[in-house]
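Secondary and tertiary structure notes
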Amino acid sequence: MLASSRIIGWMVAIFLLLIICIASLSARAQYIGFNGQGTLENRTEQSDQWLKELFGNEPFTYRFPGGAATKYCDPLNGNGWGINYTIVDTITALYGSDEEEATADAVKKWQRKADAQPSYNYLDDIVAMQAEYPAMRVIYSANYLIPADRAFYPIQYLLDHGVNLVVVEMGNESYSQMNYDFDAYWARTRELAAMVEAAGVPIAYPVPATGLRGSKSHDAWISALNAVIDGAGVVAHPYYDGREFSGLKQPVDTALAFNEIFAWDFNGQFQEIKNELPNAGFFIVTESNSQPASLIGDTELNAFLIERLLLAGKEEFQDFCIHNGVAPDKYGVIYGNPQKKNTSYDAFAKVFGSTVVEPTCDTVITYTEVITPVLYLDSIIDTKCSKCDRFFFYLFN
């Protein structure tokens, strides 16, 4: 009788372990990828080859046209993203935001981009990418600041040409463009939103920073959005600097920052974002990284941050995109001239190629190469080990 009880006990234990394993895998079956600002403008044969090596035939997410570029895009104008002097001068004057884009010469910057628009349309590049990567998921950030029919044109074009358009993002960081006037934003997006919904594409609306970066204006926006969102999606842009990690204040203390990033509860932070919007149907992140790019870009420290972000992000969000794909600066996983792989490329490859997070019940020896050529070693004991031991003790006894 005792032997039969033990057999039944073991069978129950094995069944529970199978359930845990299945739940763990399903929780991690989300999608990671890149924000695409600059990708189509800076792609080369070399970057195409490296992206192909990275993605293969696996599903991933790419967001186009990108961040601050969104408010200037009007592909009906013709070449590239349809950026021209008229839209740059008009939009910058009315909706320019230092919070969205901290630059003193935004008009000149985007006029230079207008001058650099190619003779072909970037929408066709996205169509070609979809043919090359059949499993690619595309998020399109729509320019709601132009007339709705013009803003909807690229969305319909991508759908008509077989692009796997999984979400339309209603603007980029629009809260700052609209000076946190949610009612004005909501009214401005209704016509375009109706067209997108009729086309059967899910919509995601922007949420400002929470937690350490929250404010009364942020809270008011979040509350108003939650009241009307009714099952639509939410998009967040978590960035990190000295406000989260004191080691990232200038001058950077690499050893301190490394340990702070290791100890940071990214899953808890992401849960906080989701808990504030219970009426949302899904959550995505279309930009995340350290900031600015020059702070710790292309260092082992930033690679470690990217790895931690991606591991948590793919558990907590439907899609999680780091900033940036192919770019001229150190935000890009591929960047520069001549182009090189950023340390974030290898970090992304490590997470992208794994379906199961490494066990947490080990002593972790962490290291990082400092911005100056010094190697710091620091032994960090994972306090979860005792919890794991107790779990298995109760499971099998």
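Moving on to the nonpolar core. Core analysis: the biggest nonpolar cluster contains 101 residues, and Phe55, Tyr62 and Tyr205 have the highest contact counts within it. The element best represented in this core is helix 14 (residues 300-316), accounting for eight residues. Core analysis: the next-biggest nonpolar cluster, separate from the first, contains seven residues, Ile139, Val166, Val167 and Val235 among them.

This model, assessed by the stated rule, comprises 35 aromatic pairs. A ring pair is formed by Phe55 and Phe60, whose centres lie 3.6 Å apart and whose planes are at 5°; its orientation type is stacked. Like Phe55, the residue Phe60 is buried in the burial classification. Consider the rings of Phe266 and Phe270, whose centres lie 6.4 Å apart with planes at 50°: the pair is tilted. With Phe266 and Phe270 both in helix 12 (residues 266-275), this residue pair falls four residues apart, about one helical turn. Grouping aromatic residues by their ring pairs yields a cluster made of Phe34, Phe55, Phe60, Tyr62, Phe64, Tyr133, Phe348 and Phe352. Across the ring face of Trp186, the terminal group of Arg190 is positioned such that the distance to the ring centre comes to 3.6 Å.

Neither face of strand 8 (residues 282-285) is open: one carries Phe282 and Ile284, the other Phe283 and Val285, and all of them are buried. Pairing geometry for strand 8 and strand 10 (residues 319-322), over two bridges, is parallel. Bridge pairing in strand 10 places Ile284 opposite Asp319.

Okay, the confidence of the model for the chain next. It should be kept in mind that the predicted coordinates are not to be read in detail where pLDDT is low. Looking at the chain, pLDDT values average 86 and 81% of them are 70 or higher. In this model residues 20-28 is a low-confidence stretch, pLDDT under 50, and it forms 10 contacts with partners more than four residues away in sequence or in other chains. Ignoring residues within four places in sequence, the model shows residues 355-397, a span with pLDDT below 50, making 68 contacts including any to other chains.

This part takes up empty space enclosed by the protein. What the rule picks out here adds up to three cavities of 30 Å³ or more. In this structure, the largest cavity spans a volume of roughly 60 Å³. Every residue along the wall of the largest cavity is listed here: Thr39, Arg43, Asp48, Leu51, Met129, Glu132 and Tyr133. Of all elements in the fold, only helix 3 (45-55) and helix 6 (122-132) reach the threshold of two or more residues within the lining of the largest cavity. In terms of residue class, the lining of the largest cavity is built from three nonpolar, one polar and three charged.

Our focus in this paragraph is the pattern of salt bridges. Pairs may arise between side chains of opposite charge once their charged atoms sit close together. Taken as a whole and judged by the stated rule, the model has 12 salt bridges. A salt bridge links Arg43 to Asp48, with the nearest nitrogen and oxygen atoms 3.0 Å apart. According to the relative accessible area criterion, Asp48 is partly exposed, its value standing at 24%. Put simply, Arg150 and Asp74 hold a salt bridge, and the shortest N to O gap is 2.7 Å. Separated by 76 residues along the polypeptide, Arg150 in helix 7 (residues 148-160) and Asp74 in the loop between strand 2 (60-64) and helix 4 (85-95) bring together distant segments of the chain. Residues participating in the shared-partner salt-bridge network are Arg213, Asp241, Arg243 and Glu244.

Between helix 14 and helix 15 (residues 343-352), whose axes approach to 8 Å, the crossing angle comes to 30°. With respect to their mutual orientation, helix 14 and helix 15 come out roughly parallel. Seen from above, helix 14 lies across helix 15 with right-handed handedness. On helix 15, the residues touching Glu300, Ala303, Ile306, Glu307, Leu310, Leu311 and Lys314 of helix 14 are Thr343, Ser344, Ala347, Phe348, Lys350 and Val351. Residues of the contact of helix 14 with helix 15, tallied by class, amount to seven nonpolar, two polar and four charged.

A few words on the pairing of strand 1 (residues 31-35). Most of strand 1 sits inside the fold, with four of its five residues counted as buried. Taken together, the four bridges between strand 1 and strand 10 define a ladder with parallel strand orientation. What sits directly across from Phe34, in strand 10, is Ile322. Two elements, strand 1 and strand 2, share three bridges in a ladder whose sense is parallel. When the sheet's bridge partners are listed, Asn35 is paired in strand 2 with Arg63.

What counts as what
- Throughout this document, residue positions are counted from 1 along each chain, in the order its sequence is written.
- Where local features are concerned, this predicted model is filtered to residues with pLDDT of at least 70; where side-chain atom pairs are given and counted, the filter is 80 or more; whole-chain, interface and lining totals use all residues.
- To get the side-chain values, all heavy atoms of the structure are used, and hydrogens and water are removed first.
- Among buried residues, the Ala, Val, Leu, Ile, Met, Phe, Trp, Tyr and Cys ones that are joined through side-chain atoms within 4.5 Å form a nonpolar core.
- Buried residues are those whose accessible area, probed at 1.4 Å on protein chains only, stays under 20% of the maximum for their type, while exposed residues exceed 50% and partly exposed ones sit between those limits.
- Strands here mean DSSP runs of E at least two residues long; helices mean DSSP runs of H or I at least four residues long; both are numbered from the N terminus.
- Between 30 and 60 degrees the pair is tilted, below 30 it is stacked and above 60 it is edge-to-face, where a pair is any two Phe, Tyr or Trp rings, Trp via its six-membered ring, whose centres lie within 6.5 Å.
- Each ring is checked for a lysine NZ or an arginine CZ that lies within 6 Å of its centre and within 35 degrees of its normal; such an atom marks a charge sitting over the ring.
- Pairing between strands is defined by DSSP: at least two bridges between the two strands are required.
- Each residue carries a pLDDT score, the predictor's own confidence in it, on a scale running from 0 to 100.
- Contact between two residues is taken to exist if any of their heavy atoms lie within 4.5 Å; hydrogens are not considered.
- A 1.4 Å probe that fits but cannot get out identifies a cavity on a 1 Å grid over protein atoms alone, an open set with protein on both sides within 12 Å along at least five of seven lines counts as a pocket, and a residue lines either if it has an atom within 4 Å of a point.
- Grid points are joined across faces, edges and corners, and a volume is the space filled by probe spheres set on the points.
- Asp, Glu, Lys and Arg are counted as charged, while Ala, Val, Leu, Ile, Met, Phe, Trp, Tyr, Cys and Pro are counted as nonpolar; the rest, among them Gly, fall into the polar class.
- Salt bridge, as used here: a side-chain nitrogen of Lys or Arg that lies within 4 Å of a carboxyl oxygen of Asp or Glu.
- Fitting a line to C-alpha atoms yields each axis, with helices limited to the stretch in contact; the angle taken between N-to-C directions then spans 0 to 180 degrees.
- If an angle is under 35 degrees, it is roughly parallel; if it is over 145, roughly antiparallel; if it lies from 65 to 115, roughly perpendicular; otherwise it is oblique.
- Helix crossings get a hand from a simple test, with the near helix turned counterclockwise from the far one by less than a right angle marking a left-handed crossing and a clockwise turn marking a right-handed one.

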